[in-house]
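Survey of secondary and tertiary structure
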Amino acid sequence: MLDFFAIFSKGGIVLWCFQGAGVTESFTGPVNALIRSVILQERSGNNSFTHNALSLKYKLDNEFELVFVVGFQKILTLTYVDKFIDDVQLHFRDRYKNELEQRGALKFLLNNFEFGDDFHRLMREAEVSSKAKAPVSMRNFNESEKSKKTVKSMIETKDGDKTKEQGGKKSKNAKKEGEKCKRLSMKQITAAVVESFFFILLLLYSKSPKPQKPKGKANRVWDMSGKSIGELDYSGANGNNSSDAQNQDPDAIAEPVSSPLSQIHCSIFVQASTASKIHSKKGGFGGMFGMLKGLVGSKNLTQEDMEPVLDKMKDHLIAKNVAAEIASQLCVSVAKKLEGKVMGTFTTVASTVKQALQDSLVQILQPKRRVDILRDVLEARSQRKPFVITFCGVNGVGKSTNLAKISYWLIENGFTVLIAACDTFRAGAVEQLRTHQRRLNSLHPPEKHGGRPAVQLFEKGYGKDAAGIAMEAIAFARNQVFDVVLIDTAGRMQDNAPLMTALAKLIAVNTPDLVLFVGEALVGNEAVDQLVKFNQALADHSRTDKPRLIDGIVLTKFDTIDDKVGAAISMTYITGQPIVFVGTGQTYSDLRSLNARAVVSALMKA
């Protein structure tokens, strides 16, 4: 039933593995895909992963830095896998606890973890328990309550109706009386609560300890003539309240007015402080060392410890424009990453969770693959072919404007650019690109490029097939030796099926080197829906087994959001692709690369 089961450390050392009968393929491929796509990308919220025909489930043991992975065919429905992997984890920990506590790379390599017998026993128990829970069969008519009813019981007589009416009236009256009693009881309860509150205050006031008189001071000796020692003695009667009242500072304009209520409050605080002193005396050094024990790294984090902190973190992320679903998944991933982990010395739960969340956010924003457009353009030039970039996105996000910015950036780096006007729907789209072409050529005149324009526009007007225009533009760029082709497409909503089909056709026919999704930084939950449906449309209308999806993201209007940078997290988390460029203004030079740590710092700022 199971294809494989592997136990390995987070350092990559396999401690023990099992491979099912008749399975010839190695499990290293699926496990490496799980590590790259889920564990390293901080996507541990869901404990399942699909790789080709296999379905993988995993569990992290953060205390001993272990990973438990089980793989089986995804067409099978194995209900016992979750409980089985938990049982294997507990038994493996209990059996090799001493070896795991004294872990080290050399120790792991030299130690032989014999776990086969226990594993097979646990697997048999799990399979038997799943078979024992057979589905409950439906009851037949004879077993139901309806079959026990007779025709007589269904006939209503006139007397019965009257009795029913009387019973109904009685029940209504009883209901009213019950509500009345209920109201009275609520009043009585409220009065009792108020009365008991004042009783407690009076009790505290009457039993409040009297302030102790200060101890007598030693007689002062003054070397002053004409004064007796008795007049200068402040430890006796001269130090009492009456003397203080008489010798009060005459410059004081007002004094606090004491009231019985303030005295009651004072007595409460005095009692509380007295109780705390008594408690501290009884506890001795145990209380102090108990507090230090909570700070020193000897506590394993549990879900209950992290839950209040994670709830606050989730609300904070949503307030910073992170999609609600993504914020929930991030918090679940952080909880699984920290559960069972020993806290550091003199650290709190809040600081530990916050640091783990920051590390996860930085890991998400850092791309799992490097997108170096300049290097790729040079490589394509060496092969005598243009480097093709396609821009797609919804309406009004700034595709044409940011295409012009990227054109300016490429020209600054010494490349020639051909813009393909494939937006044949929006009125004025071609004229907008022509204006950008004219301005870019004025900034970089042909004299600086050997008498050849640095940027040219390829357009066929409106109402034509966008895929055909893109194909002709790529062929024209190859013949005229252009370095880069930038394909501008029409803006389309993710729910518009005909336009999404046309976009999928354009990408499938022309196979561009880079597909960039242009999205604005102002969106929240909408970013997830846009990217998911764009990727789904590209996958559904692809002609190959491995469809071409979005390769990177251009985030526009980044200068308008202050510290609400959550859209960057939502977009990268849902696609797993990097943010290649960030638009920060309205001029051609307002194009930046994303600084992951700066974004996370702004995101975590209160």
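Residues numbered from 1 in each chain as written. Predicted model: local features only at pLDDT ≥ 70, side-chain atom pairs only at ≥ 80, totals over all residues. Heavy atoms only, no water.

The protein chain is annotated in an unreviewed UniProt entry as SRP receptor subunit alpha from Cyprinus carpio. Of the protein chain, the UniProt comment under Sequence similarities (unreviewed entry) reads exactly: "Belongs to the GTP-binding SRP family." (UniProt positions renumbered as here; feature names shortened; annotations may be inferred.)

1. Some thoughts on the overall build of the protein chain
A tally of regular secondary structure across the protein chain gives 21 helices and 13 strands. Long-range contacts, defined here as pairs at least 24 residues apart, represent 73% of the contacts in the protein chain between residues at least 6 apart. Put simply, the protein chain shows about 36,400 Å² of open surface, and 55% of that area lies on carbon and sulfur atoms. (Helix = DSSP H or I, 4+ residues; strand = E, 2+ residues; numbered from the N terminus. Contact = heavy atoms within 4.5 Å. Areas by Shrake-Rupley, 256 points an atom, 1.4 Å probe, with all protein chains shown as cover.)

2. What about the nonpolar core?
Judged by nonpolar contacts, the single largest core of 107 residues is most densely connected at Ile 373, Ile 389 and Ile 487. When residues of this core are assigned to their parent elements, the largest contribution, eight residues, is made by helix H13 (residues 349-365). Counting 27 residues, the second-largest nonpolar core is a separate cluster that includes Leu 15, Tyr 80, Val 81 and Ala 126. (Core = buried A, V, L, I, M, F, W, Y, C linked by side-chain atoms within 4.5 Å. Buried < 20%, exposed > 50% of the residue type's maximum accessible area, 1.4 Å probe, protein only.)

3. Comments concerning the sheet that holds strand E10 (residues 514-520)
The strand order E8-E7-E9-E6-E10-E11-E12-E13 describes an open sheet built from eight strands, whose pairing is mixed. Each having just a single partner strand, strand E8 (455-458) and strand E13 (591-592) make up the two edges of the open sheet. Where strand E12 (residues 579-583) lies against E13, two bridges are found, and the strand directions are antiparallel. Across the sheet, the residue bridging to Gly 583 is Leu 591, located in E13. In this fold helix H15 (residues 399-412) packs onto strand E6 (387-392), strand E7 (417-421), E8, strand E9 (484-488), E10, strand E11 (552-556), E12 and E13, with an angle of close to 170° to the strand it touches most, E9. (Pairing = 2+ DSSP bridges. Axes fitted to C-alpha atoms, helices over the stretch in contact; angles between N-to-C directions.)

4. Some words on the pattern of salt bridges
Summed over the entire model, instances satisfying the criterion amount to 19 salt bridges. Arg 93 is paired through a salt bridge with Asp 61; the nearest N and O atoms lie 2.9 Å apart. Note that Arg 93 is positioned in helix H2 (residues 81-95) and Asp 61 in strand E4 (residues 54-61), a separation of 32 residues in sequence. Residue Arg 93 shares its accessibility class with Asp 61, and that shared class is buried. One salt bridge connects Glu 459 with Arg 434, and the closest N-O pair in it is separated by 3.0 Å. On the criterion of sequence distance, the pair formed by Glu 459 in the loop between E8 and helix H17 (466-479) and Arg 434 in helix H16 (residues 429-443) is long-range, its members being 25 residues apart. You can call Glu 459 partly exposed: its relative accessible area is 30%. Residue Arg 434 is classed as partly exposed on the basis of its relative accessible area, which comes to 32%. When salt bridges that share partners are traced, they join Arg 95, Asp 118, Arg 121 and Glu 125 into one network. (Salt bridge = Lys/Arg side-chain N within 4 Å of Asp/Glu carboxyl O.)

5. Section: the pairing of E7
Within E7, five of the five residues are buried, which leaves it mostly tucked inside the rest of the structure. Because side chains alternate across E7, one face comprises the buried residues Val 417, Ile 419 and Ala 421, and the other comprises Leu 418 and Ala 420, equally buried. Bridge count between E7 and E8: four bridges; the pairing is parallel. Residue pairing for E8: Ile 419 is matched across the bridge by Leu 457. Between E7 and its parallel partner E8, the chain crosses via H16, and the hand of that crossover is right-handed. In this structure, E7 lies alongside E9, joined through five bridges in parallel fashion. Paired with Val 417 across the bridge in E9 is Val 484. (Right-handed = clockwise from strand over helix to strand, strands pointing away.)

6. Some remarks on the sheet that holds strand E3 (residues 48-51)
The strand order across the open sheet formed by five strands is E2-E1-E5-E4-E3, and the pairing between neighbours is antiparallel. Only two strands of the sheet have a single partner each, and these edge strands are strand E2 (14-19) and E3. Across this sheet, the average inter-strand angle for adjacent strands is 20°, counted without regard to direction. Judged from the four bridges that link them, E3 and E4 form a sheet pairing that is antiparallel. Along E4, the bridge assignment pairs Ser 48 with Lys 57. On the sheet, helix H1 (residues 28-39) packs against strand E1 (4-9), E3, E4 and strand E5 (66-73) and is oriented at approximately 125° with respect to E3. Across the sheet, H2 lies against E1, E2, E4 and E5, angled at about 40° from E4, the strand it touches most.

7. Brief notes about unusual backbone geometry
Glycine aside, the phi torsion of most residues is negative, and most peptide linkages are trans. Look at Val 481: it is not a glycine, yet its phi comes out positive at around 55°. With respect to the secondary-structure elements, Val 481 resides in the loop between H17 and E9. Of the residues examined, Val 481 reaches a relative accessible area of 57% and is grouped as exposed. The phi angle at Lys 557 is positive, at roughly 55°, despite the residue not being glycine.

8. Here we look at H13
Helix length check: H13, at 17 residues, gives a terminal C-alpha distance of 25 Å against a target of 24 Å (1.5 Å per residue), a fit within 8%. Buried residues of H13: Val 349, Thr 352, Val 353, Ala 356, Leu 357, Ser 360, Leu 361, Val 362, Ile 364 and Leu 365, and no others. Contacts from the buried residues of H13 go to helix H11 (303-319), helix H12 (324-338), helix H20 (566-575) and helix H21 (596-604). (Expected span 1.5 Å × (residues − 1).)

9. Thoughts on the pairing of E9
Buried residues dominate E9, accounting for five of its five residues. Here E9 shows no split at all, with Val 484, Leu 486 and Asp 488 on one side and Val 485 and Ile 487 on the other all buried. Here E6 runs beside E9; their pairing, made up of five bridges, is parallel. Residue pairing in the sheet places Ile 389 in a bridge with Leu 486 of E9.

10. Things to note about the packing of aromatic side chains
Throughout the structure, instances matching the rule amount to 15 aromatic pairs. Measuring from ring centre to ring centre gives 5.6 Å for Phe 458 and Phe 476, while their planes differ by 40°; the resulting arrangement is tilted. Of the two residues, Phe 458 is situated in strand E8 and Phe 476 in helix H17; the sequence distance between them amounts to 18 residues. Here Phe 476 falls in the partly exposed class, since its relative accessible area comes to 28%. Between Phe 517 and Phe 534, the aromatic rings sit 5.2 Å apart at their centres with planes inclined by 75°, giving edge-to-face as the arrangement. You can see Phe 517 sitting in strand E10 and its partner Phe 534 sitting in helix H19 (residues 525-540), a full 17 residues away along the chain. (Phe/Tyr/Trp six-rings, centres within 6.5 Å; stacked < 30°, edge-to-face > 60°.)

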